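The chain contents come next:
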Amino acid sequence: MSEGIILEEAPDIHQQFQVSSPALMVIFGASGDLANRKLLPATYRLSQQRLLPPNFVILGYARSPLSDDEFRQRARTSMLTNPEVEFQSADWDLFAPRLYYLAGEYDDAEGFQRLRDRMTMLEEQWNIGGNRLFYLSTPPSVYEPVITCLGAAGLVEPASRQSWTRVVIEKPFGSDLQSAHKLNDHVLSVFNEEQVYRIDHYLGKETVQNVLVFRFANGIFEPIWNRNYVDNVQITVAESIGVEGRGGYYEKSGALRDMMQNHLLQLVSLTAMEPPIAIDAKAVRDQKVNLLQAIRPMQPEEVPDYVVRAQYGAGTAATRPVPAYLDENGVACDSTTETYVAWRLEIDNWRWQGVPFYLRTGKALPRKASEISVTFRRAPHLLFDSTEGFDYPSGQDETGVRATNQGLRLNGDSLSRNVLTMRIQPDEGITLKTLAKRPGPSVNLTPVNLEFTYGHSFGEPPDAYQRLLLDVVLGDSTLFTRRDEVELAWQRITQVLDGWRMQEELSRNGRNPFRLPHYPAGTWGPKEADTLLEKEGQHWVTE
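Being a predicted model, the structure only gives us computed values, none of them experimental.

Membership of the largest hydrophobic core comes to 151 residues, with the highest contact counts inside it found for Phe28, Leu115 and Ile347. Considering each element in turn, this core owes the most residues, 10 residues, to helix H10 (residues 254-272). Split by domain, this core shows at least three residues from each of two domains, domain 1 (23-170) and domain 2 (203-379 + 456-535). Ignoring any residue separated from it by four or fewer positions in sequence, one finds Leu115 in contact with Val26, Phe28, Leu59, Tyr61, Leu102 and Leu155.

Spelled out as structure tokens, the structure:
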């Protein structure tokens, strides 16, 4: 080893994480896709890492008639075909005996009595001690019946002062403010808020959690993280696939409900929130709620000025042909369900007043990407603000103008802005774009990137569900959403939905069929989304 270089050995995983207590985890919808693709592999990986004790037991509950052995075989198959799982026969032989299954309906009181009896037997057999975790991996339509039956079967109250009972509820948590409020009322009539874990898997991603670390653990950035230095913030969550035959399901949601209400508003909260007094559940979630309250509300008639929606047409995305959304199975020929949303929002508080936040999400875009880009203001006096001073990458001409696919033109002022990009997925990492002088006798400037890549420094990040499941068992709700947070997000989304309804009603009253703008699959969205930024002298960074 070279003299003067000290390599610090990575700490053992058990020094970083607390090993959980014994528990019985009941997965409702255990025969479904989420359970087999995410939940069972996540618990298996946690068991491999010895972060779950030997008497952590899983009981699957669903309508499909399966035996314990059939359930175990399904789980084994899902492990073997999952590229994120390092399957080891010895580990599987320890894990498989802790998997059980019970068939039943989600609204059947008798079925839940059988569930209670089976749980009691397993708790005694494995000496679990009364800790119970219920995971609702089901369609949202059965959330209320399951919650009702759990309460009626006496499965909600902890068995003793030393034990606990918790419930995890998957998104979507409602479809608008009214339905979210109703569901919250129902859940909290059976459980108390401390027992409820509303999950958004985005918050379990290591790179999302790194947003807080990046902001609050590095003294260099927080002093400039405000309206005095930031020009605009852009958040993009793009998918390269279309609805892929799931048109009937997607017609009931759309991009606004499916992605904007949870993933993107969560990223807005983490990017823009004030520093919490501590990294604990109450302090972090209090600041996220404060931020959501500060998002400027919109009247219905204002929505078209701030929000663009569109549908993808036929094209090629990520080298694969994609049919037009209106040609997908289950999609009405006159559908107004959006597959793309761009939203310019403002935050009315001291830190961010006047700084636009541009959000966009869509299907059938050129590539999969989840990114937060913070564009800083230019230097107050540009010593090198001349077209002769720049060395332009390919695609730019000698006048200092670069043309993109959308026809956007950039000048020296645009090149002079520093852009910090946090990549959530894929290629997880952080890039800071700066300007540097190229070698030579003249002052030729060119953009260069200072880059950190997660995989190069730490290896591939673990699946989000591993972290979130462990947090639930440990009782840490920091990365889960609280009732007021969910309802505030839906309040802002419902204002957009109200504006869209008014827009469609006005069109019908004028006897004109309402049609959404279209964008070819494989492009970055409709021209209206570019115009949303161009009218303020901005452009999309991720293109």
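For an interface, size is often stated in terms of accessible area lost upon the parts coming together. Annotation of the protein at the domain level lists domain 1 (23-170) and domain 2 (203-379 + 456-535). Placing the centre of domain 1 and that of domain 2 at their C-alpha centroids yields a distance of 32 Å. Between domain 1 and domain 2, the residue contacts involve 18 residues of the former and 9 residues of the latter. With both chains or domains summed, domain 1 and domain 2 bury close to 1,200 Å², and 73% of this area falls on carbon and sulfur atoms. Run the count over domain 1 and domain 2 and you get 1 salt bridge. Of the charged contacts, one joins Asp463 and Lys38 as a salt bridge, the two residues approaching to 2.9 Å between their closest N and O atoms. Between the two partners, domain 1 and domain 2, sit 5 residue pairs in polar contact (both at pLDDT 80 or more). Here the side of domain 1 that touches domain 2 is built from residues that sort into 11 nonpolar, 2 polar and 5 charged.

Moving on, we come to the sheet that holds strand E2 (residues 56-62). Ordered by their spatial adjacency, 6 strands build an open sheet running E3-E2-E1-E4-E5-E6, and the pairing between neighbours is parallel. One side of each edge strand has no neighbouring strand; the edge strands of this open sheet are strand E3 (99-103) and strand E6 (196-198). Taken pair by pair, the neighbouring strands of this sheet meet at an average axis angle of 20 degrees, ignoring direction. Docked against the sheet, helix H3 (residues 68-80) engages E2 and E3, running at close to 120 degrees with respect to E3. In the packing of helix H5 (residues 109-126) onto the sheet, the strands contacted are strand E1 (23-28), E2, E3 and strand E4 (132-136), and the crossing angle to E3 comes to about 165 degrees.

Moving on, we come to helix H2 (residues 33-48). With 16 residues, H2 extends 22 Å between its outermost C-alpha atoms, agreeing within 8% with the 22 Å of an ideal straight helix rising 1.5 Å per residue. Along H2, the largest kink reaches about 30 degrees and is centred on Leu39; proline Pro41 follows within four residues of it. The buried fraction of H2 is high, at 14 of 16 residues. Looking one or two residues beyond H2, the residue adopting positive phi is Arg50, at roughly 60 degrees.

Rules used in this analysis
Residues numbered from 1 in each chain as written. Predicted model: local features only at pLDDT ≥ 70, side-chain atom pairs only at ≥ 80, totals over all residues. Heavy atoms only, no water. Core = buried A, V, L, I, M, F, W, Y, C linked by side-chain atoms within 4.5 Å. Buried < 20%, exposed > 50% of the residue type's maximum accessible area, 1.4 Å probe, protein only. Helix = DSSP H or I, 4+ residues; strand = E, 2+ residues; numbered from the N terminus. Domains from an automatic or database assignment. Contact = heavy atoms within 4.5 Å. Buried area = accessible area lost by both parts, 1.4 Å probe. Salt bridge = Lys/Arg side-chain N within 4 Å of Asp/Glu carboxyl O. Polar contact = N/O pair within 3.5 Å; in protein donor to acceptor, adjacent residues only side chain to side chain. Nonpolar A, V, L, I, M, F, W, Y, C, P; charged D, E, K, R; others polar. Pairing = 2+ DSSP bridges. Axes fitted to C-alpha atoms, helices over the stretch in contact; angles between N-to-C directions. Expected span 1.5 Å × (residues − 1). Bend = angle between axes of the 7 residues up to and from the residue.

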